[in-house]
Amino acid sequence: MKKLILTMAIAVMGFTAVFAQDSTLRARRPMPNLTIEQRAERATNAMDKKLSLTADQKTKVYAIELDRAKKMDVFRNEDRSAMKDKMKSRKADMDASKTKLDNILTAEQKTKLDAFRAEARERGDKMRKGPGKPRKDKAPVVSNPPAQG
């Protein structure tokens, strides 16, 4: 009888340990390989959904996003060693496309877009820091520093 209870207890603990591992958090979905046009269309649709673009604005935004996607594709396919040198030009291209978008949008749409950009920036910062990584903010503040003499 003791052997049966012991065997069942070991089996229950084994099953508990096996099913306690949740591997869904670690498995990432592979990114779909989209064409340049599909990326531009996806970005335009997302912006249309968030900002309620007019038909004219939607065509202009699509043209800007298509240009941005083409430049990003060239940037991604270049030599990895040359990437650091190209970062400044990439940043300038991104700023230029943001400026073009801001010229197309209304004031209300601009404020919404700025809010979405800020939210995305925060999510990116969170992902970069990661859930288990310690924060590297500032040195702790000492309320009573030792007397120097």
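Preceding this section is the structure that the text describes.
The shown structure was predicted, so the numbers you read here are calculated from the model rather than taken from an experiment.

Reading guide: rules and limits
Residues numbered from 1 in each chain as written. Predicted model: local features only at pLDDT ≥ 70, side-chain atom pairs only at ≥ 80, totals over all residues. Heavy atoms only, no water. Helix = DSSP H or I, 4+ residues; strand = E, 2+ residues; numbered from the N terminus. Buried < 20%, exposed > 50% of the residue type's maximum accessible area, 1.4 Å probe, protein only. Contact = heavy atoms within 4.5 Å. Areas by Shrake-Rupley, 256 points an atom, 1.4 Å probe, with all protein chains shown as cover. Salt bridge = Lys/Arg side-chain N within 4 Å of Asp/Glu carboxyl O. Core = buried A, V, L, I, M, F, W, Y, C linked by side-chain atoms within 4.5 Å. 1 Å grid on protein atoms, 1.4 Å probe; cavity = no way out; pocket = protein on both sides within 12 Å on 5 of 7 lines; lining within 4 Å. Points joined across faces, edges and corners; volume = space filled by probe spheres on them. Nonpolar A, V, L, I, M, F, W, Y, C, P; charged D, E, K, R; others polar. Phe/Tyr/Trp six-rings, centres within 6.5 Å; stacked < 30°, edge-to-face > 60°. Lys NZ or Arg CZ within 6 Å of the ring centre and 35° of its normal. Expected span 1.5 Å × (residues − 1).

### Remarks on the overall build of the chain
Helix and strand counts for the chain stand at 5 helices and 0 strands. Listing every helix and strand of the chain by position from the N terminus yields α-α-α-α-α. Evaluated residue by residue, the chain yields a buried proportion of 15% over its 149 residues. The contacts of the chain with a sequence gap of at least 6 include a subset with a gap of at least 24, amounting to 56%. Here the chain displays about 13000 Å² of accessible surface, and carbon together with sulfur accounts for 59% of that area.

### Topic: the pattern of salt bridges
Within the structure shown, the criterion is met by 12 salt bridges. We note a salt bridge from Arg68 to Glu65, for which the minimum N-O separation is 3.8 Å. With Arg68 and Glu65 both in helix H3 (residues 55-77), this residue pair falls 3 residues apart, about one helical turn. Ionic pairing is found between Asp95 and Lys91, a salt bridge with its closest N-O pair at 3.5 Å. With a gap of 4 residues between them, Asp95 and Lys91 both fall in helix H4 (residues 83-104), about one helical turn apart. Residue Lys91 is classed as partly exposed on the basis of its relative accessible area, which comes to 48%. Through salt bridges that share partners, Asp67, Lys71 and Asp93 make up one connected network.

### As for unusual backbone geometry
You will see that Ser52, though not glycine, has its phi angle at about 55 degrees, which is positive. Mapped onto the elements, Ser52 comes out in the loop between helix H2 (36-51) and H3. Classification of Ser52 as exposed rests on a relative accessible area of 53%.

### Here we look at the nonpolar core
Of all hydrophobic cores here, the largest spans 9 residues; its members are Met47, Leu51, Leu53, Val61, Ile64, Leu101, Ile104, Leu105 and Leu113. Every element with two or more residues in this core is listed here: H2, H3 and H4.

### Some points on the layout of surface pockets
The method is simple in principle: a probe with the dimensions of a water molecule rolls over the atoms, and the space it marks as empty is what remains. Volume-wise, the largest pocket comes out at about 1300 Å³. Around the largest pocket, the lining is made up of 27 residues, and of these Arg39, Ala43, Glu65, Arg68 and Arg76 lie nearest the centre. Listing elements by their share of the lining of the largest pocket, those giving two or more residues are H2, H3, H4 and helix H5 (107-129). Of the residues assigned to the lining of the largest pocket, the class counts are 14 nonpolar, 1 polar and 12 charged. Taken as a whole, the second largest pocket spans an internal volume of roughly 160 Å³. Lining the second largest pocket are 13 residues, with Lys71, Met72, Phe75, Arg90 and Asp93 positioned closest to its centre.

### Quick notes on the packing of aromatic side chains
One pass over the full model with this rule turns up 0 aromatic pairs. Looking at Lys50, its charged tip hangs above the ring of Phe116, at a distance of 4.8 Å from the centre.

### Here's the deal with the environment of Ser52
Counting along the chain gives 57 residues from Ser52 to Gln109, while the straight-line C-alpha distance between them is 8.1 Å. In this structure Ser52 touches Met47 and Gln109, once residues within four positions along its chain are discounted.

### Structural notes on H3
When the terminal C-alpha atoms of H3 are compared, their 33 Å separation across 23 residues agrees well with the 33 Å that a helix rising 1.5 Å per residue should span. Residues of H3 that are buried include every one of Gln57, Val61, Ile64, Glu65, Leu66, Ala69, Met72 and Phe75, and no others.

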